[in-house]
Amino acid sequence: MTSTASRPAAPRVRPQRLAQQRSVQQRLTEQRAHQQRLRQAAGLGRPPLLEDKLRVPRPTLEVLRRRRVTGLIEAAVTHRVAVVSGPAGAGKTVACAAWAASRPAARQPAWLTVDAEDRDPARFWPYVLAALVRARAVGAGEAAQLAAGPPEAYPQRIVAAARSLAEPVVLVIDDAHELAGGGALAGLDLLIKHAPAGLRLVLSGRYLPGLALSRLRVAGEVADVGAADLACTPEEADAYIAMLGLALAPAERGELLARTEGWMAGLRLALMTGPGDAPPGTAAPAVIDYVRDEVLERQSPQTRAFLLKTSVAASLPGGLADALAGGSGTGARTLERLARENILVEPVGPGEYRYHPMLREVLSAELRRERPDEIPVLLGRAARWHAARGEAVEAVRIAAQAGDWDFGVHLLAQVDAGVLVPDGPAELESVLAAFPAEFRAGAAPVAAALAAARLWQGDADGAVPHLDCARRSLDGLDAEARAVVGPWVTALLVMQGADPAGRAQAWPAAERASAAAATVPQYRTAGLLWFAIGCALLRRWEARPAAGALARASAQLAAGSLPGLRARALAWQALAAAGCGELAAADRLIGEAAASPAAGQREVACPVALARAQVCVARDELAAAAERLDEADRLAGGQAAGEPSAAAIAGLIRAYAAAAESDPAGAAASIARLRAARAPGDAALGALLAVLEAGVALAAGERDRAGLVLAGDGAPDGPPGAPAGPADPAPGLAAAAARLGRARLLLATGDDKGALETVEHWLDGTDPSVTLRDQVGALLVAAVARRRLSQVAEAAEHIEQALLLAEPEGAYRVFLDGGPPVRSAMTVLVPPTSRCAGFAGRVLERFDGQPPRLATTAPSGAAGLPLTGSELAVLRFLPSHMTNQEIAEALFLSINTVKTHLRSAYRKLGVANRRQAIARGRRLDLL
């Protein structure tokens, strides 16, 4: 027996090294146990699991860390189900992997990357179980029990196992779209439906493979991170470019962002492409290969053919897709499915889709490679489809793209006025620039369209050479085309305004075009011509013939299915009707224009606001008129060539309203602005301003100045009843206003016979050139003149006729403009038994509510003190020859009060008796 002392000493092991050995041994033991659990989870008799499907992917290349997207996923996993969807190359896997890597080690998600073979439940569920075991969400014993059961039992058992989880576990299923159509979906639906709060799922893929998530969405238990969220922002793109060490010019960067639209794969592939690898606007080989492999090769032959054929269109309504694909009737459904499956197809409106720019580049390249002869056919189908819907510019653009110049000319000859309204003139001009020079100079429809584009952009001089080409080329058209293009060219000549001969031929040309119209293009071109004539007349302030021309334009444009241009015609017609004093008709036309689908367009809304302002002024609703004028100012600026100046009309109405409110400073300021902005040849506006300025002077008692203003501006005027031809069909508002202004000036200076002779031919309404407003104004002048000439019966008849004409229109302002002489005549000449007594009373109420009129010049020897309202009321009864007692009873005053008011009025007027008071009151326009 050996003694203890004789044993060799045991080597001393440091405690630190011993701890390290134990740690290594523990890790090896855990790895062996983990492998055992995986083998148990896989089940006996099954092939071994692929480890890489259960690992969080690690990028082999440097990727951009996008904290924005990681934050979106982090917020999404607080819901039961998070859906991360987007097209191939959108960065779904990278984003989910970056999020997983950002989590603490103890809370790493269970990860499973699926492929098409995982559609089989017997293959899918063991992988799910293995992922949960790897994430320590399921123990080895539970895994072994689960693996022993049939595949259809996995979901319920996983749900049961997850109920005991202490902390939430996230299961990420990447490439979930690969499960589409497989048997594993039913079990996955069951797992999603019954999963406890401790088990959350992230489904990442190009689209959801038919899972029933709608109820969970309604309950707010599903969060989506979609293609728009995954798209690279400009700031992220800049960071990515900088990370790659590249430097791009601003133009190159802008083009890159426009082409890729944030698509991560497209951005990377484009940056990988060298400058000379592909011509501008075409896809590089790397992009073509990627899209072909990841998008096109995954589609059925029918879908691939559909994508190729429809790639010729930038925007795809379902009907156009059908036309391009051969009329199968399934275009809308196919586009909807492709958008839902994130095949770089996105909706841009109800039933309308578009392809991602880089997908369209690839499809175009494939189409040119595989079916080059089919491209002109497809473009022709697209052009005809757009033409059939009145989308003229797009139809002509596609025809030019196909090099089908003859069809483009034919389209322009058919759509004529249609090119002016729905589409922008600048775009039209750029499309027409693609036509060969011989077509631009020798084809009347092309030259006319170029002229229209110039006019619609405000370049009247630039339209002249194109109009000359169009006129010279008309004879080369066949009869059908000439019937459309000829009136169109005439309309453009009227809009351009530089050719008096063209304007003279316009009215008879419009008559002929209307009589011959039988097709939609012919109705359109006739309507456009009438519209041009009406606007030209309104620019010259010839309201009555303008209203007639615009009414005919409205009828023709309705038959030609041009609602936008028709709404503009209705709006200007309403303004013309209001200028004529036909306020009820103006209300009706305003209502029609406001009900049009184009009512929201500023080109329609502005003249509607002006028409409403004119109606409000004519009805003495001055506050409402000011609101409408402010509205018109906000909407101004969209008028096309040939249309009246909204600014000039608004300024004139504003000046008139200021004068009506006894605001001479405001009226003078508006008049000065209009004079400064008036075109040199606009004599009609000059005359209207002169009449308005004279009216302000006359209201201030400055009769000499009023006369000088009227004489100095040379307002147009013709002999009474002078006939007018249809091309220049009547004196306009300026002539009528000047005549009435002179008549009122004659009344103010005491020339009652001269005033009566000035307006006498307007009184019976037989002159078609006399507007309703002119006739009422003339009747009031005649009534005042005849009353002063002691022709009382005739004066009363004129007053009653004026009231009968104005009452249906609600026109008060024309009476108020007549001033005190009209008020006095109405007070005396309209008895309570008159059928117009009610309206006359309302007019008199308006008189009493008017702002104080500008001071009149006091007569020599008079005190010049203003009469009170009571004194004026008593004074206005004196011409009636009523006794003082009768006046007292009529005014509900005592006889002594009436006598007191009369004595005070006589003193202020500097008279001694009733006869002198009546004479002095008439001279001062108080009676």
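Residues numbered from 1 in each chain as written. Predicted model: local features only at pLDDT ≥ 70, side-chain atom pairs only at ≥ 80, totals over all residues. Heavy atoms only, no water.

1. Some thoughts on the overall build of the protein chain
For step 1, the next point in the chain: Within the protein chain one finds 47 helices and 8 strands.
For step 2, the next point in the chain: In the protein chain, which comprises 927 residues, the proportion classed as buried is 50%.
For step 3, the next point in the chain: In the protein chain, 69% of the contacts between residues at least 6 apart in sequence involve partners at least 24 apart.
For step 4, the next point in the chain: If you sum the accessible surface of the protein chain, you get close to 41300 Å²; carbon and sulfur atoms cover 54% of it. (Helix = DSSP H or I, 4+ residues; strand = E, 2+ residues; numbered from the N terminus. Buried < 20%, exposed > 50% of the residue type's maximum accessible area, 1.4 Å probe, protein only. Contact = heavy atoms within 4.5 Å. Areas by Shrake-Rupley, 256 points an atom, 1.4 Å probe, with all protein chains shown as cover.)

2. Quick notes on the side chain of arginine 103
For step 1, the next point in the chain: Tracing the backbone through its elements, the reader meets arginine 103 in the loop between α3 (92-101) and β2 (110-113).
For step 2, the next point in the chain: In this view, arginine 103 contacts Glu74, Gln108, Pro109 and Val170; residues no more than four positions away in its chain are not counted.

3. Concerning the sheet that holds strand β8 (residues 352-355)
For step 1, the next point in the chain: Spatially, the 3 strands line up as an open sheet ordered β6-β8-β7, and their pairing is antiparallel. In the strand order of this sheet, the two ends are held by β6 (316-317) and β7 (345-349), each with one partner.
For step 2, the next point in the chain: Relative to β8, β7 is paired through 4 bridges, and the arrangement is antiparallel. Among the inter-strand pairings, glutamate 346 is bridged to a residue of β8, identified as arginine 354. (Pairing = 2+ DSSP bridges.)

4. A look at unusual backbone geometry
For step 1, the next point in the chain: In this model, asparagine 342 sits at a positive phi of 55°, which is unusual for a non-glycine residue.
For step 2, the next point in the chain: Among the structural elements, asparagine 342 can be located in the loop between α16 (331-340) and β7.
For step 3, the next point in the chain: Even without a glycine there, the phi angle at aspartate 620 is positive, about 65°.
For step 4, the next point in the chain: Looking at the secondary structure, you find aspartate 620 in the loop between α31 (602-618) and α32 (622-635).
For step 5, the next point in the chain: Residue aspartate 620 is classed as buried on the basis of its relative accessible area, which comes to 12%.

5. Topic: the pattern of salt bridges
For step 1, the next point in the chain: The final tally for this structure, using the stated rule, is 51 salt bridges.
For step 2, the next point in the chain: The partner of arginine 123 in a salt bridge is glutamate 117, and the shortest N-O contact between them spans 3.6 Å.
For step 3, the next point in the chain: Assessed through its relative accessible area of 55%, glutamate 117 is described here as exposed.
For step 4, the next point in the chain: The residue aspartate 620 makes a salt bridge to arginine 846 at a minimum N-O spacing of 3.6 Å. With aspartate 620 in the loop between α31 and α32 and arginine 846 in helix α43 (residues 837-848), this pair connects stretches of sequence that are 226 residues apart.
For step 5, the next point in the chain: On the accessibility criterion, arginine 846 (26% relative accessible area) is partly exposed.
For step 6, the next point in the chain: Linked through salt bridges whose partners overlap, the residues forming this network are Asp289, Arg292, Arg304, Glu366, Arg369 and Glu370. (Salt bridge = Lys/Arg side-chain N within 4 Å of Asp/Glu carboxyl O.)

6. Considerations on the sheet that holds strand β3 (residues 169-174)
For step 1, the next point in the chain: Here we have 5 strands laid out as an open sheet, ordered β2-β3-β4-β1-β5, and parallel in their pairing. Every other strand in the sheet has two partners, leaving β2 and β5 (222-225) as the edge strands with one partner each. Across the sheet, the mean angle from the axis of one strand to that of its neighbour is 15°, orientation sign disregarded.
For step 2, the next point in the chain: Pairing geometry for β3 and strand β4 (residues 199-205), over 6 bridges, is parallel. Opposite leucine 171, over in β4, you have leucine 201 as the bridge partner.
For step 3, the next point in the chain: Sheet strands touched by α3: β1 (81-85), β2, β3 and β4. Its angle to β4, the strand with the most contacts, is close to 150°. (Axes fitted to C-alpha atoms, helices over the stretch in contact; angles between N-to-C directions.)

7. Some words on the packing of aromatic side chains
To describe a pair of aromatic rings, you give the distance between the ring centres and the angle between the ring planes.
For step 1, the next point in the chain: For the coordinates displayed, the defined rule picks out 7 aromatic pairs.
For step 2, the next point in the chain: A centroid spacing of 5.2 Å and a plane angle of 55° characterise the contact between tryptophan 405 and phenylalanine 435, whose relative ring orientation is tilted. Taken as a pair, tryptophan 405 in helix α20 (residues 405-415) and phenylalanine 435 in the loop between α21 (425-432) and α22 (437-442) lie far apart in primary sequence, 30 residues in all.
For step 3, the next point in the chain: A relative accessible area of 22% means that tryptophan 405 is categorised as partly exposed. (Phe/Tyr/Trp six-rings, centres within 6.5 Å; stacked < 30°, edge-to-face > 60°.)

8. Concerning the nonpolar core
For step 1, the next point in the chain: Residues Leu610, Leu803, Phe815 and Met826 are the most contacted members of the largest nonpolar core, which totals 200 residues.
For step 2, the next point in the chain: Here this core takes 12 residues from helix α29 (residues 563-580), the largest share from any one element.
For step 3, the next point in the chain: In this structure, phenylalanine 815 is in contact with Val776, Leu780, Ala802, Leu803, Ala806, Val822, Met826, Phe839, Val843 and Phe847, ignoring residues within four places of it in sequence.
For step 4, the next point in the chain: Membership of the second largest hydrophobic core comes to 39 residues, among which are Leu54, Leu132, Tyr154 and Leu171. (Core = buried A, V, L, I, M, F, W, Y, C linked by side-chain atoms within 4.5 Å.)

9. So, the packing of helix α15 (residues 318-325) against helix α18 (residues 375-388)
For step 1, the next point in the chain: Between α15 and α18, whose axes approach to 9 Å, the crossing angle comes to 145°. Read as a crossing pair, α15 and α18 show a hand that is right-handed. Between α15, through Gly319, Leu320, Ala323 and Leu324, and α18, the contact on the second element is made entirely by Leu378, Arg381, Ala382, Trp385 and His386. (Left-handed = near helix turned anticlockwise from the far one by under 90°.)

10. Thoughts on the side chain of arginine 787
For step 1, the next point in the chain: As for its placement among the helices and strands, arginine 787 is situated in helix α39 (residues 772-788).
For step 2, the next point in the chain: Classification of arginine 787 by relative accessible area gives buried; the value is 7%.
For step 3, the next point in the chain: With sequence-adjacent residues up to four places away left out, arginine 787 is seen in contact with Ala795, Ser824, Ala825, Val828, Leu829, Pro879, Arg922 and Leu927.

11. Considerations on the confidence of the model for the protein chain
For step 1, the next point in the chain: Across the protein chain, the average pLDDT comes to 83, with 87% of residues at 70 or higher.
For step 2, the next point in the chain: Confidence over residues 37-45 falls short of pLDDT 50; this stretch has 17 contacts with residues more than four positions distant or in other chains. (pLDDT = per-residue confidence, 0-100.)

12. Here we look at the environment of alanine 623
For step 1, the next point in the chain: Along the chain, alanine 623 falls in helix α32.
For step 2, the next point in the chain: Alanine 623 gets classed as exposed once you look at its relative accessible area, which sits at 58%.
For step 3, the next point in the chain: When the C-alpha positions of alanine 623 and alanine 613 are compared, they lie 9.7 Å apart, and in sequence the two are 10 residues distant.

13. Observations concerning the packing of helix α45 (residues 884-891) against helix α46 (residues 895-909)
For step 1, the next point in the chain: Viewed as axis vectors pointing N to C, α45 and α46 meet at an angle of 105°, and their least axial separation amounts to 9 Å. As the angle between them shows, α45 and α46 are arranged roughly perpendicular. Taking contact as the criterion, the partners of Asn884, Gln885, Ile887 and Ala888 in α45 are, on α46, Ile895, Val898, Lys899 and Leu902.
For step 2, the next point in the chain: The residue makeup of the contact of α45 with α46, split by class, is 5 nonpolar, 2 polar and 1 charged. (Parallel < 35°, antiparallel > 145°, perpendicular 65-115°, else oblique. Nonpolar A, V, L, I, M, F, W, Y, C, P; charged D, E, K, R; others polar.)

14. Here we look at the environment of aspartate 704
For step 1, the next point in the chain: Assignment of secondary structure puts aspartate 704 in helix α36 (residues 703-712).
For step 2, the next point in the chain: Taking relative accessible area as the criterion, aspartate 704 reaches 67% and is therefore assigned exposed.
For step 3, the next point in the chain: Sequence-wise, aspartate 704 and leucine 745 are 41 residues apart; in three dimensions their C-alpha atoms are separated by 9.2 Å.

15. Notes on helix α34 (residues 664-677)
For step 1, the next point in the chain: Helix length check: α34, at 14 residues, gives a terminal C-alpha distance of 20 Å against a target of 20 Å (1.5 Å per residue), a fit within 8%.
For step 2, the next point in the chain: Of the residues making up α34, those classed as buried are Ala667, Ser670, Ile671 and Leu674. Within α34, the buried residues cover an arc of 100° as seen down the axis, which keeps them to one side. Seen from the open side of α34, the exposed residues pointing more than 90 degrees away from its buried face are Ala665, Arg673 and Ala676.
For step 3, the next point in the chain: Each element contacted by the buried residues of α34 is listed here: α33 (646-660) and α35 (683-699). (Expected span 1.5 Å × (residues − 1). Arc of directions from axis to C-beta.)

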